[in-house]
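Breakdown of the fold
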Amino acid sequence: MMITRMLSIRRLSAYAIALLIIAGCATPPPPPPPPPPAATADTSERSFDEAVQVATDGLMSQLQARWDPAAKTDAKRGIVIDPMVDALSGQQTAATRLLEQRVGERLQANPQLEVMPFQVASLSKAQYLVTGTMTRVASAQPGARQVFQIDLAATDLKTGTVTAQASSRARDEGLDTNPTPYYRDSPVVVKDKVVDGYIATSKTAPGQPADPVYFERVSTATLISEATAAYNSDRYADALSLYRNAETTASGEQLRVLNGIYLASWKLGRTAEAEDAFGRIVALGLANNNLGVKFLFNPNSTDFWSDRQVSGPYGFWLRQIAKHAAAAKVCMNVIGHTSRTGTAQYNDRLSMRRATYIKQRLDKEAPELVKRTHPSGMGFRENLVGTGTDDARDALDRRVEFRLVDC
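This is a predicted model, so every value here is computed, not measured. Position labels on residues start from 1 in each chain and follow its written sequence. With pLDDT at 70 or above as the cut-off, local features in this predicted model cover only qualifying residues; side-chain atom pairs require 80 or more to be listed or tallied, and sums for whole chains, interfaces and linings still use all residues. The side-chain quantities take in all heavy atoms of the structure and omit both hydrogens and water.

A helix here means a DSSP run of H or I that spans at least four residues, while a strand means a run of E at least two residues long, and both kinds are numbered starting from the N terminus. Helices and strands together make up the secondary structure of the chain, namely 14 helices and eleven strands. Buried residues are those whose accessible area, probed at 1.4 Å on protein chains only, stays under 20% of the maximum for their type, while exposed residues exceed 50% and partly exposed ones sit between those limits. A total of 407 residues make up the chain; the buried ones form 48% of that total. In the chain, once contacts between residues fewer than 6 apart in sequence are set aside, the share between residues at least 24 apart is 73%. The Shrake-Rupley method, run with a 1.4 Å probe, gives the accessible areas here. Residue values count only the displayed protein chains as cover. When the accessible surface of the chain is split by element, carbon and sulfur atoms take 54% of a total near 19900 Å². We call two residues contacting when some pair of their heavy atoms lies within 4.5 Å.

The following block contains the structure:
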């Protein structure tokens, strides 16, 4: 019996040793993937060029951290840049154009990257989509130096996931914040869910998805960008053709597209087409409860701007707003806004007077609106720009807004 037990123990020991050897030879499970690199946030105030360099280098370092060091290839990773915007107004300005240029130059200087044109053909070749915004940072101290926050993000074009995000702050040392011609001439605030999605994507942390409303419409955005460049270069016929091409895409029903059709038609003297396009802008704005119109008034008055080059189309703007509001049977608050010049009390009264004037004009166009519209004055409490320059730079602050309310 003793011998039999010893043999059994030896057999079990040998079996256990064999299991240990087999286990030792088995392939260990792969390590978990590393977490995405953290976004680079920098709150130090720098010159514009230094701030752009800090944000762009932070973006590139996060991208490089995700590249496989074992993958040896001479092929560059393609990048496209969707034109950058001011985050508060949604506009492109001379300053955001400069930001886009500086970021592009810094990225292109990296031997592993290639900045490609923001065109449909590039989307299937590039790896990353870069978005960027500038946001004026409010200061708690009166008279303090103005500062802009720069936010950049790189989204993987195949997965729709933000791969890198970096921020920095730039002192406003004479930056040109005049809007580009398209936005300067725009009759409405061109800031809808697509533009909001672009802005949100630029602030999204790595590892999170880009805003779907924006990302799913990137191919149309390339056409809008090309059309807007044509408009800014005074090539209005080309711009109109390109905006109409954008309109035929699956995601072409966008405020930027309809606004471009209006602008180009007006510049070409096609008044009927311009009025039709403005009517469609109004319908879209009312459907989304997002309609702010740039009615400009003479200083301290309720008279429209004296220059007919500016105020000439106001008559059909009012006609189309009244027509579509009456047809939709909506109730609206007509809200006047002013720029940040003068006292708060004075601007509250002035914005109320202007809202009342617009309501009266609408009532004449469509008497059924008399009981369905209500004027109010917001003064400068909801400024989008807030510079108080009373020129093209803060024209959006002097808008009249139409907000739907329950009847």
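Having put the structure on the table, let's press on.
Here we take up the nonpolar core. Side chains of nonpolar character tend, in soluble globular proteins, to be buried together. Buried Ala, Val, Leu, Ile, Met, Phe, Trp, Tyr and Cys residues form a nonpolar core when they are joined through side-chain atoms within 4.5 Å. In this structure, Y262, F278, V293, F295, I358, L362 and F402 are the most contacted members of the largest nonpolar core, which totals 53 residues. Discounting residues that sit within four places of it in the chain, F402 has contacts with N289, L291, V293, F295, I321, M332, N333, V334, I358 and L362. Formed by 42 residues, the second largest nonpolar core is a distinct cluster that contains L59, M84, A95 and L113.

Quick look at the pattern of salt bridges now. Opposite charge on two side chains makes pairing possible when the charged atoms of those side chains draw close. Here, a salt bridge means any side-chain nitrogen of Lys or Arg that lies within 4 Å of a carboxyl oxygen of Asp or Glu. For the coordinates displayed, the defined rule picks out 19 salt bridges. One salt bridge connects D185 with K267, and the closest N-O pair in it is separated by 3.9 Å. Pair noted here: D185 is in helix α5 (residues 181-185) and K267 is in helix α10 (residues 255-267), with a separation of 82 residues, a long-range link. Of the residues examined, D185 reaches a relative accessible area of 24% and is grouped as partly exposed. Exposure remark for K267: the relative accessible area of 39% places this residue in the partly exposed category. Notably, a salt bridge pairs R280 with E253, separated by 3.8 Å at the nearest N-O pair. With R280 in helix α11 (residues 271-287) and E253 in the loop between α9 (236-247) and α10, this pair connects stretches of sequence that are 27 residues apart. The class of R280 is partly exposed, set by a relative accessible area of 26%. Through salt bridges that share partners, R244, E247, E253, R270, E273 and R280 make up one connected network.

Here we come to the sheet that holds strand β10 (residues 373-377). Two strands are said to pair when DSSP picks up at least two bridges between them. Ordered in space as β8-β11-β9-β10, the four strands form an open sheet in which the pairing is mixed. Looking at the sheet topology across the chains shown, the edges are occupied by β8 (291-293) and β10. Averaged over all pairs of adjacent strands, the angle between strand axes in this sheet comes to 25°, irrespective of strand direction. Pairing of strand β9 (residues 331-336) with β10 involves five bridges; the strand directions are parallel. Directly across from I335, in β10, lies its bridge partner S376. Every axis in this analysis is a line fitted to C-alpha atoms, fitted for helices over the stretch in contact. Angles between the N-to-C directions lie between 0 and 180 degrees. Here α11 sits on the sheet and contacts β8, β9 and β11 (400-405); the angle it forms with β8, its principal contact strand, is near 135°.

Moving on, we come to unusual backbone geometry. Here D234, not a glycine, exhibits a phi torsion of approximately 65°, which is positive. Residue placement: D234 occurs in the loop between α8 (218-232) and α9.

Within strand β6 (residues 147-156), nine of the ten residues are buried, which leaves it mostly tucked inside the rest of the structure. Across ten bridges, the pairing between strand β5 (residues 128-137) and β6 is antiparallel. Paired with V137 across the strands is V147, a residue of β6. Joining the antiparallel neighbours β6 and strand β7 (residues 162-171) is a turn of five residues, in which G160 adopts a positive phi near 75°.

Right, let's get into α10. Here α10 spans 18 Å end to end across 13 residues, near enough to the 18 Å set by a 1.5 Å rise per residue. When you tally the buried positions in α10, you get eleven out of 13 residues, the bulk of the element. Within the span of α10, buried status applies to L255, R256, V257, L258, N259, G260, I261, Y262, L263, A264 and S265. Of the surrounding elements, those touching the buried residues of α10 are α5, α6 (193-202), α8, α9, α11 and α13 (314-328). Positioned one or two residues after α10, G269 has a phi angle of 80°, which is positive. Given a helix with a known number of residues, its expected span is that number minus one, times 1.5 Å.

Viewed as axis vectors pointing N to C, helix α2 (residues 48-66) and helix α3 (residues 94-108) meet at an angle of 50°, and their least axial separation amounts to 10 Å. Classified by the angle their axes make, α2 and α3 are oblique. Helix-helix and strand crossings are classified by hand; for α2 and α3 the assignment is right-handed. Here α2 contributes F48, D49, V52, Q53, T56, D57 and M60 to the contact with α3, which in turn contributes A95, L98, L99, R102, V103, R106 and L107. With respect to orientation, any angle under 35 degrees is reported as roughly parallel, any angle over 145 as roughly antiparallel, any angle of 65 to 115 as roughly perpendicular, and every other angle as oblique. Crossings are assigned a handedness: left-handed for a near helix turned anticlockwise from the far helix by less than a right angle, right-handed for a clockwise turn.

Okay, α13 next. In this model, α13 (15 residues) spans 21 Å end to end at C-alpha, consistent with the 21 Å of a helix rising 1.5 Å per residue. Listing the buried residues of α13 in full gives Y314, F316, W317, L318, Q320, I321, A322, A325 and A326. After α13 finishes, the residue K329 shows a positive phi value of roughly 55°.

The quantity known as pLDDT measures the predictor's confidence residue by residue, on a range of 0 to 100. On average, residues of the chain carry a pLDDT of 88, and 87% of them reach 70 or more. In this model, residues 1-33 is a region of pLDDT below 50 whose contacts with residues beyond four sequence positions or in other chains number zero contacts.

Looking now at the packing of α10 against α11. Each packed pair of helices is defined by two parameters, the angle between the axes and the distance between the axes. For the pair α10 and α11, interaxial distance at closest approach is 8 Å and the crossing angle is 160°. The angle between the axes of α10 and α11 places the two elements in the roughly antiparallel class. Considering how the two elements wind past one another, α10 and α11 form a crossing that is left-handed. Counting all contacts with α10, which are made through L255, L258, N259, I261, Y262, S265 and W266, the residues of α11 involved are T271, E273, A274, A277, F278, R280, I281 and L284. Within the contact of α10 with α11, the residues separate by chemical class into ten nonpolar, three polar and two charged. Residue polarity follows a fixed list, in which Ala, Val, Leu, Ile, Met, Phe, Trp, Tyr, Cys and Pro are nonpolar, Asp, Glu, Lys and Arg are charged, and the others, Gly among them, are polar.

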